[in-house]
Amino acid sequence: MLLIPCPYCGERAEIEFRSGGEAHIARPAAPESRSDAAWRDYLFIRTSPKGVHFERWNHAHGCQRWFNVARDTVTDEILAVYRMGDTPPETVR
Amino acid sequence: MQRYSIFSLARNAFTGHKNWQEQWRSPEPQPAYDIVIIGAGGHGLGTAYYLAARHGIRNVAVLEKGWLGGGNTGRNTTIIRSNYLYDESARLYDHSVKLWEGLSQELNYNVMFSQRGVMMLAHNVHDVQVLKRHIYAHRLNGVDNEWLTPQQAKTFCPPLSIDKKARYPVMGAALQRRGGTARHDAVAWGYARGADARGVDIIQNCAVTGIRTERGRVVGVETTKGFIRAKKVGVVTAGHTSHVMAMAGLRMPLESVPLQALVSEPVKPVFPCVVMSNTVHAYISQSDKGELVIGAGTDQYVSYSQRGGMQILEHTLEAILELFPIFSRMSMLRQWGGIVDVTPDRSPIIGKTPIDGLYVNCGWGTGGFKATPGSAHTFAHTLANGEPHPINAPFTLDRFETGRLIDEAAAAAVAH
């Protein structure tokens, strides 16, 4: 089980959190003019990297706030935690 | 190929079992092949077997970064069934069950396919309605499935608790009698032996490090044993598909997550069938070796760690003990995780890619073992002809663009 450092509450067990999947996937602007391929990329295509993954987590059974995590998917080590809307820290990019 | 039979067994017994041939060669790669398959799991080896046996294409190599059958093929809970809701899925998975039924004879290799029945439990009114709907849909598709009362379920599987006071009492069950289990390693070994005997090169300890393309067409693969030229390349790498396809510059509608399973200490035969429950999320059977084989759920996040979280196991074992209090004092022997590639609609992708000559068979998620023969058979057809078999034609990569999904996420009669 992961020990996740919520930026608002500190380290808590993974069972308090809900994974929100890959981060930094923006909903297409002007949806009516977007192609099917653009919608596919937004809805379905995921990086699923073997290495650093940028992902969203929600502290569902705590403060209920969303935040971003950079995690190594091979070791499951959490490399950085940063707030929604922020870009990943230089050290893990 | 040395054929196996009671006579060859007796003959070899007289010579102290010293004259058995190796089941497959360990060749060095040739500089070029007609078809290169990446990944020597059940699906990849099966594809090579059917290419050679059904399509006469023998200039084929299967590349494996580890040892054959060492990934999810050797890690799964070996459940075989075809009780999927949608027509496309029912056709694909039942095609597989039909191939399973003759597989030991076809391969001259005992895959220990045992049609002991797969029983899915209903614990509430919604479950009852859903399972009955499934049973009717399956029958329309020629897939056997029948409804059992709690007492009939108990008779079919005596260790089951049908106590009305249970938190999730059993209100009935759907039983597919043609479902069951098989010996997972034997499937990989049997296909490997059959493919090798027909001239396929199975190259282990050979990791693919790149996929080379020229003008939108695949020309070969870079490996740790050098460049191997190929007219066609089939990627059959399960949980590593996103990683491998990225070598060709393609991004996939997949997420790779750990899926766990565990086995108990071996005991005498006590559990005659496979039982699954979606509501409490547990599935269990007993191997011929005597271990209880228990499947747990996936972790909620992308990971290649092959471990899985303890809380997932705890949740599964709680559910098992709710249904089978008899097992409360069993010791668990081993636990492990495998990495499964999950698609958004929980149906596989078997077919072409935007790159000419590059084909992919992936997205089997948490339930690929049951489909091994059908997947391999239709994928071999697709590779050989350049066009899909009618059975795998709906399972395209571009369905995520056209929107023609096969949404088994809610319909597969299995918890996700």
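Everything that follows concerns the structure shown earlier in this document.
Scope of this entry: the structure provided in the associated data block.

Rules behind the numbers
- Residues numbered from 1 in each chain as written.
- Chains lettered and ligands numbered in written order.
- Predicted model: local features only at pLDDT ≥ 70, side-chain atom pairs only at ≥ 80, totals over all residues.
- Heavy atoms only, no water.
- Disulfide = S-S within 2.5 Å.
- Buried < 20%, exposed > 50% of the residue type's maximum accessible area, 1.4 Å probe, protein only.
- Contact = heavy atoms within 4.5 Å.
- Buried area = accessible area lost by both parts, 1.4 Å probe.
- Salt bridge = Lys/Arg side-chain N within 4 Å of Asp/Glu carboxyl O.
- Polar contact = N/O pair within 3.5 Å; in protein donor to acceptor, adjacent residues only side chain to side chain.
- Helix = DSSP H or I, 4+ residues; strand = E, 2+ residues; numbered from the N terminus.
- Expected span 1.5 Å × (residues − 1).
- Pairing = 2+ DSSP bridges.
- Axes fitted to C-alpha atoms, helices over the stretch in contact; angles between N-to-C directions.

### Regarding the state of the cysteines
All names here are of chain A.
Item 1. The tally for this structure, following the rule as stated, stands at 0 disulfides over all chains.
Item 2. The thiol of cysteine 63 is unpaired, and the distance to the nearest cysteine sulfur, on cysteine 9, comes to 3.6 Å.
Item 3. Judged by its relative accessible area of 26%, cysteine 63 falls in the partly exposed class.

### Comments concerning the interface of chain A and chain B
Item 1. Every contact between the two is made by 26 residues of chain A and, on the other side, 24 residues of chain B.
Item 2. Interface of chain A and chain B: buried area, both sides summed, is about 2,200 Å²; carbon and sulfur atoms make up 50% of it.
Item 3. Three residues stand out in chain A for area buried against chain B, namely Phe44, Ser48 and Lys50 of chain A, and they jointly supply 29% of the buried area on that side.
Item 4. On the surface where chain A and chain B come into contact, there are 1 salt bridge.
Item 5. Residue arginine 40 of chain A is joined to glutamate 401 of chain B by a salt bridge in which the shortest nitrogen-to-oxygen separation is 3.0 Å.
Item 6. Linking chain A with chain B are 16 residue pairs in polar contact (both at pLDDT 80 or more), by the criterion used here.

### Examining helix H2 (residues 42-55) of chain B
All names here are of chain B.
Item 1. For H2, built from 14 residues, the straight-helix expectation of 20 Å at 1.5 Å per residue is met to within 8% by its first-to-last C-alpha distance of 18 Å.
Item 2. Most of H2 is tucked away, with 11 of its 14 residues classed as buried.
Item 3. After H2 finishes, the residue glycine 56 shows a positive phi value of roughly 65°.

### As for the sheet that holds strand S4 (residues 118-122) of chain B
Residues and elements named next belong to chain B.
Item 1. One open sheet accounts for 8 strands, arranged S5-S6-S4-S13-S14-S15-S12-S16; its pairing is mixed. This sheet does not close on itself; its edge strands, each paired only once, are strand S5 (146-148) and strand S16 (332-342). Pairwise comparison of adjacent strand axes, ignoring direction, gives a mean angle of 25° for this sheet.
Item 2. Taken together, the 4 bridges between S4 and strand S13 (residues 274-277) define a ladder with parallel strand orientation. Note on S13: the bridge partner recorded for leucine 121 is serine 277.
Item 3. Against the sheet, helix H9 (residues 310-323) makes contact with S4, strand S12 (255-264), S13, strand S14 (282-286), strand S15 (292-298) and S16, and its axis sits at roughly 130° relative to S15, the strand it touches most.

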